[in-house]
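Secondary and tertiary structure notes
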Amino acid sequence: MKRSAITLITASMLVANAAQANEKFVAFAVNHAHERGFHGCDAAIEDAFEFAGGDDLRVTSDWFKSMDGSLRITGTYGKKNDAVLVDAVLTKSGGKCYAYHTTIIGYSKSCNATLAELEAFEYVAESPDYIWTENAGGVDMLLTPVGDGCNATFRRSAVY
């Protein structure tokens, strides 16, 4: 598959407080989209990266010039043994921005222990290697064991 535009940008920030790092990284992610010529979904990008922080922040995007109404933006942030991956697909249509967010977080505890700690999520079903859960706000969480730990994949969509 040929990608018409893939860019990797690194934003290493040395700031005293996490709130400043968060604001700077959110602005960095929005500016990254603007540099690709993608405008009109700033609120969706801000929402996708609202909790970003840490020592090493990175973002990349896929953008097909022939599909100027869509952008996929992926970012990682955090620190060693506490990192987060966010992947957002943004599509503009009819004056609105449609966003599909996927966030992956690794936990050092088992999936059952992780689920017990994340009280907002309720068990739905199991399939091979996955525990399906959901919360009242419409967020799905899929848990899968990784060694002694667990990866949690959060999925949600929103219209802005």
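You'll find the structure just up there.
What comes next is a walk through the structure. (Residues numbered from 1 in each chain as written. Predicted model: local features only at pLDDT ≥ 70, side-chain atom pairs only at ≥ 80, totals over all residues. Heavy atoms only, no water.)

1. Quick notes on the side chain of Asp87
The residue Asp87 is located in strand β4 (residues 82-93) in this model. Taking the relative accessible area as the measure of exposure, Asp87 reaches 12% and is therefore buried. Apart from residues lying up to four places away in sequence, Asp87 is in contact with Arg72, Ile73, Thr74, Tyr100, His101 and Thr102. (Helix = DSSP H or I, 4+ residues; strand = E, 2+ residues; numbered from the N terminus. Buried < 20%, exposed > 50% of the residue type's maximum accessible area, 1.4 Å probe, protein only. Contact = heavy atoms within 4.5 Å.)

2. Focus on the packing of aromatic side chains
How two aromatic rings sit relative to each other is set out by the distance from centre to centre and by the angle between their planes. In this structure the tally under the stated criterion is three aromatic pairs. Considering the side-chain rings of Phe25 and Phe28, the 6.0 Å spacing of their centres and the 25° angle between planes classify their relative orientation as stacked. On the criterion of helical spacing, the pair formed by Phe25 and Phe28 is a turn pair, its members being three residues apart in helix α1 (residues 18-35). In this structure Phe25 comes out as buried when scored by relative accessible area, which is 0%. Here the aromatic cluster, defined as three or more aromatic residues joined through ring pairs, consists of Phe25, Phe28 and Phe49. Positioned above the aromatic ring of Phe38 is the side chain of Lys92, whose terminal nitrogen or guanidinium carbon lies 4.8 Å from the ring centre. (Phe/Tyr/Trp six-rings, centres within 6.5 Å; stacked < 30°, edge-to-face > 60°. Lys NZ or Arg CZ within 6 Å of the ring centre and 35° of its normal.)

3. Quick notes on the pattern of salt bridges
The tally for this structure, following the rule as stated, stands at five salt bridges. Taking the shortest distance from any N to any O, the salt bridge between Asp140 and Arg155 comes out at 3.9 Å. Of this pair, Asp140 sits in strand β8 (residues 140-146) while Arg155 sits in strand β9 (residues 149-159); the two residues are 15 residues apart in sequence, bridging distant segments of the chain. Its relative accessible area of 23% is what places Asp140 among the partly exposed residues. (Salt bridge = Lys/Arg side-chain N within 4 Å of Asp/Glu carboxyl O.)

4. Side note on the nonpolar core
Grouped together as the largest cluster of nonpolar side chains are 36 residues, with contacts concentrated most on Phe49, Ile73, Leu90 and Leu143. Top contributing element to this core by residue count: α1, with six residues. Beyond its immediate sequence surroundings of up to four residues, Ile73 is in contact with Ala29, His32, Phe49, Val59, Thr60, Ser61, Val86, Asp87, Ala88 and Leu90. (Core = buried A, V, L, I, M, F, W, Y, C linked by side-chain atoms within 4.5 Å.)

Honestly, that's just the spatial picture; any functional story needs more than this.
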